[in-house]
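# Coordinate inspection notes
The chain contents come next:
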Amino acid sequence: MEKTFLMIKPDGVQRQLIGKIVQRFEDKGFQLIGAKLIQITKEQAEYHYAEHKERPFFGELVQFITSGPVFAMVWQGHNVIQLSRTMMGKTNPLDAAPGTIRGDFAVQTGNNIIHGSDSPESAAREIAHFFKPEELLSYERSI
Ligand code: CMP
């Protein structure tokens, strides 16, 4: 079953949106198999966003993502990588459609509430970066 890494950024945590965001993915039918509230280090942030290292906003991005706790999650389900990105909406909230997470809750690209893996390769790398194998729990619905 496909897995993805989603992270509610410091703005989403501080605005108390964790519950609402988790609810959307549960309602879609995806399964939460790992979650934790963490404060990420500068080194973790630089590794996570390494592909943006040369971009002018890299310093600002690392500063922002380390400015407060994030809620790191692993979700599982059919096409969860692509579907969760559709549910998040475009990176720039100006382009994010109403009904998406960024379309409903964000107004600036820098503070865009949530990160999600953009490919199976990124998902595998990001999950391994933030979670130990024993922190991911598989379970069936029995009630
Ligand atoms: P995310 O999906 O976490 O992946 C890279 C992040 O870089 C992106 O969301 C934005 O938060 C951030 N980002 C992209 N473009 C800009 C920009 N022009 N200014 C500040 N941050 C940006």
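The structure presented is a predicted model; accordingly, all values stated were derived computationally and were not measured.

### Points about the overall build of the protein chain
- Of regular secondary structure, the protein chain possesses seven helices and four strands.
- If you list the helices and strands of the protein chain from N to C, you get β-α-α-β-α-α-β-α-α-β-α.
- For the protein chain, the C-alpha radius of gyration of 14 Å lies close to 15 Å, the compact-globule estimate for 143 residues.
- Based on the C-alpha atoms only, the size of the protein chain along its principal axes is roughly 50 × 35 × 25 Å.
- Looking at the protein chain as a whole, 45% of its 143 residues are labelled buried.
- Within the protein chain, contacts between residues separated by at least 24 positions form 78% of all contacts whose residues are at least 6 apart in sequence.
- When the accessible surface of the protein chain is split by element, carbon and sulfur atoms take 52% of a total near 8,100 Å².
- Separation between the mean location of the 16 positive side-chain charges and that of the 17 negative ones in the protein chain comes to 3 Å.

### Focus: the UniProt feature "active site" (unreviewed entry) in the protein chain
- Residues annotated by UniProt as "active site" (unreviewed entry) correspond here to His-115.
- When you line up the elements, His-115 lands in strand β4 (residues 114-116).
- When neighbours within four sequence positions are excluded, His-115 is seen to be in contact with Phe-5, Leu-6, Met-7, Lys-9, His-48, Tyr-49, Met-88, Arg-102 and Glu-126.

### What to know about the side chain of His-115
- Residue His-115 is classed as buried on the basis of its relative accessible area of 12%.
- Within the structure, His-115 has its side chain in polar contact with the side chain of Glu-126 (distance 3.1 Å).

### Examining the pairing of strand β1 (residues 3-8)
- Taking burial as the measure, the six residues of β1 include five buried ones, the bulk of the element.
- Both β1 and strand β3 (residues 70-76) contribute to a ladder of six bridges, which runs antiparallel. When the bridges of β3 are listed, Met-7 appears paired with Ala-72.
- As paired elements, β1 and β4 share three bridges and run antiparallel to each other. Counterpart to Met-7 in the pairing with β4 is His-115.

### Concerning the site of the ligand
- Residues in contact with the ligand, as listed here, are Lys-9, Tyr-49, His-52, Phe-57, Leu-61, Thr-91, Arg-102, Thr-109, Gly-110, Asn-112 and His-115.
- One of the side-chain N or O atoms of Lys-9 is found 2.7 Å from an oxygen atom in the ligand.
- Within the side chain of Tyr-49, a nitrogen or oxygen atom sits 2.6 Å from an oxygen atom of the ligand.
- Protein coverage of the free-state accessible area of the ligand, which is 450 Å², stands at 79%.
- Mapping the ligand onto the cavity grids shows that it belongs to the largest pocket.

### Brief notes about the pattern of salt bridges
- For the structure shown, the criterion picks out three salt bridges.
- A salt bridge links Glu-135 to Lys-36; the nearest nitrogen and oxygen atoms lie 2.9 Å apart. Of this pair, Glu-135 sits in the segment after α7 (120-130) while Lys-36 sits in strand β2 (residues 31-38), and the two are 99 residues apart along the sequence.
- Accessibility expressed as a relative area gives 28% for Glu-135, which makes it partly exposed.
- With relative accessibility at 21%, the residue Lys-36 sits in the partly exposed group.

Rules and cut-offs
- Residues numbered from 1 in each chain as written.
- Predicted model: local features only at pLDDT ≥ 70, side-chain atom pairs only at ≥ 80, totals over all residues.
- Heavy atoms only, no water.
- Helix = DSSP H or I, 4+ residues; strand = E, 2+ residues; numbered from the N terminus.
- Rg over C-alpha atoms; globule rule 2.2 N^0.38 Å.
- Buried < 20%, exposed > 50% of the residue type's maximum accessible area, 1.4 Å probe, protein only.
- Contact = heavy atoms within 4.5 Å.
- Areas by Shrake-Rupley, 256 points an atom, 1.4 Å probe, with all protein chains shown as cover.
- Lys, Arg positive; Asp, Glu negative; His and termini not counted.
- Charge placed at Lys NZ, Arg CZ, Asp CG, Glu CD.
- UniProt positions renumbered as here; feature names shortened; annotations may be inferred.
- Polar contact = N/O pair within 3.5 Å; in protein donor to acceptor, adjacent residues only side chain to side chain.
- Pairing = 2+ DSSP bridges.
- Near = heavy atom within 4 Å.
- 1 Å grid on protein atoms, 1.4 Å probe; cavity = no way out; pocket = protein on both sides within 12 Å on 5 of 7 lines; lining within 4 Å.
- Sits in = over half its atoms within 2 Å of the grid points.
- Salt bridge = Lys/Arg side-chain N within 4 Å of Asp/Glu carboxyl O.

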